Amino acid sequence: MPQIVEFPERPYAGVRRTITMTTFGLVADRIGEIIGWLAERGIAPAGAPFLRYHSIDMANDRLVVEAGVPVATPVEGEGDILPGTLPAGRYVAVSHHGHLDQLAGVIESLLKWAGEQGLEWDMTDKDGVEHWGCRLELYNTNPMVEPDMNNWDTDLQFRLA
C-alpha cells in the first residue's frame, strides 16, 4: 500500500544519460562504478542506489535517467559523475519485493492510487513528454549478495506537487 512520506534534501553523486527502453544498461550499469568512485574517496553510500527519471517520452522512446548513489554530505563531481540533490518534500512511496519486470504494474497501481486520492505529482507534461521533479526507483538489494532478481527489494518514491 502506498504511503506519503516527507523527505529532507538528499545529496548524491550521479551519472545522467538520455536512453531508450532497451538501453537502460548505459545508465543502470554505472551504479557500481559510482559506488567504487565514492569508495576511492573514502565516502560510504548513505542509502540505496537509485535511478532518477528526469523525463519520459514514451512516444519517441526517449528517457532522461540518472543513476545515483546517496551520500551524507555533498560531493564534488569528476568527469561525468556529477553532484546532485534530491529535492525535499512529500513523496508517495511504495515497496516492491520481486523481479524488476514487475515494476511497470507496481507503477501503474501507484499512479492509479494517487489519482484516486486526488494527489498531484511534481510533474509537467509538455508536448507528451513527462518532466518529473523527482521520480525514483531505489534498489535495496545488492545483486552481488542476492543475484536472484525475484528476491530483490525495490522502493518507488515519486514527489508530490
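Attention here is on the structure that accompanies the text. Note that the structure is a prediction, hence the values are computed from the model and not measured.

Topic: helix H2 (residues 31–40)
Note on helix geometry: an α-helix contains 3.6 residues per turn, so any two residues three or four positions apart are oriented the same way.
Okay, step 1: Ile-31, Ile-34, Trp-37 and Leu-38 are the residues of H2 that are buried. Viewed end-on, H2 has its buried residues packed into an arc of 120 degrees, placing them on one side of the element. Exposed and oriented more than 90 degrees from the buried face of H2 are Gly-32, Ala-39 and Glu-40.
Okay, step 2: Elements that come into contact with the buried residues of H2 comprise strand E2 (10–19), helix H1 (25–28), strand E3 (50–57), strand E4 (62–70) and strand E9 (135–139).

So, the nonpolar core
Okay, step 1: Ile-34, Leu-38, Leu-51, Val-65, Trp-121 and Leu-156 are the most contacted members of the largest nonpolar core, which has 33 residues in total.
Okay, step 2: Elements that contribute at least two residues to this core include exactly E2, H2, E3, E4, strand E6 (89–97), helix H3 (103–117) and strand E10 (153–159).
Okay, step 3: A total of six residues in this core trace back to one element, the largest contributor, which is H3.
Okay, step 4: In contact with Leu-156, other than residues within four places in its own chain, are Val-92, Ala-93, Val-94, Leu-103, Val-106, Ile-107, Leu-110, Leu-136 and Glu-137.
Okay, step 5: Judged by nonpolar contacts, the second largest core, of nine residues, contains Leu-86, Tyr-91, Leu-136 and Leu-138.

Things to note about the environment of Ala-46
Okay, step 1: As for its position among the elements, Ala-46 is in the loop between H2 and E3.
Okay, step 2: What makes Ala-46 partly exposed here is its relative accessible area of 48%.
Okay, step 3: The spatial distance from the C-alpha of Ala-46 to the C-alpha of Thr-73 is 8.9 Å, given a sequence separation of 27 residues.
Okay, step 4: Beyond its immediate sequence surroundings of up to four residues, Ala-46 is in contact with Pro-70, Val-71 and Ala-72.

What to know about the pattern of salt bridges
Okay, step 1: Under the defined criterion, the tally for this structure stands at eight salt bridges.
Okay, step 2: Among the ionic pairs, Glu-40 bridges to Arg-41, the shortest N-O distance being 3.4 Å.
Okay, step 3: Assessed through its relative accessible area of 36%, Arg-41 is described here as partly exposed.
Okay, step 4: Here Lys-112 makes a salt bridge to Glu-116, at a shortest N to O gap of 3.2 Å. A residue pair is termed a helical-turn pair when its members lie 3 or 4 positions apart in one helix, as Lys-112 and Glu-116 do in helix H3 at four residues.

Points about the layout of surface pockets
Okay, step 1: By volume, the largest pocket amounts to about 1000 Å³.
Okay, step 2: Taken together, 32 residues make up the lining of the largest pocket; nearest its centre are Leu-51, Tyr-53, Leu-100, Glu-137 and Tyr-139.
Okay, step 3: Every element with two or more residues in the lining of the largest pocket is listed here: H2, E3, H3, strand E8 (129–132) and E9.
Okay, step 4: Here the lining of the largest pocket gets four residues from one element, more than from any other, and that element is H3.

What to know about the pairing of E2
Okay, step 1: Burial analysis of E2 places seven of its ten residues in the buried class, the great majority of the element.
Okay, step 2: Both E2 and strand E5 (residues 82–86) contribute to a ladder of five bridges, which runs antiparallel. Looking at the pairing, Arg-10 lines up with Leu-86 of E5.
Okay, step 3: Bridge analysis of E2 against E4 gives eight bridges, and the strand direction is antiparallel. Paired with Thr-18 across the bridge in E4 is Val-64.

About the cut-offs
- Residues numbered from 1 in each chain as written.
- Predicted model: local features only at pLDDT ≥ 70, side-chain atom pairs only at ≥ 80, totals over all residues.
- Heavy atoms only, no water.
- Buried < 20%, exposed > 50% of the residue type's maximum accessible area, 1.4 Å probe, protein only.
- Helix = DSSP H or I, 4+ residues; strand = E, 2+ residues; numbered from the N terminus.
- Arc of directions from axis to C-beta.
- Contact = heavy atoms within 4.5 Å.
- Core = buried A, V, L, I, M, F, W, Y, C linked by side-chain atoms within 4.5 Å.
- Salt bridge = Lys/Arg side-chain N within 4 Å of Asp/Glu carboxyl O.
- 1 Å grid on protein atoms, 1.4 Å probe; cavity = no way out; pocket = protein on both sides within 12 Å on 5 of 7 lines; lining within 4 Å.
- Points joined across faces, edges and corners; volume = space filled by probe spheres on them.
- Pairing = 2+ DSSP bridges.

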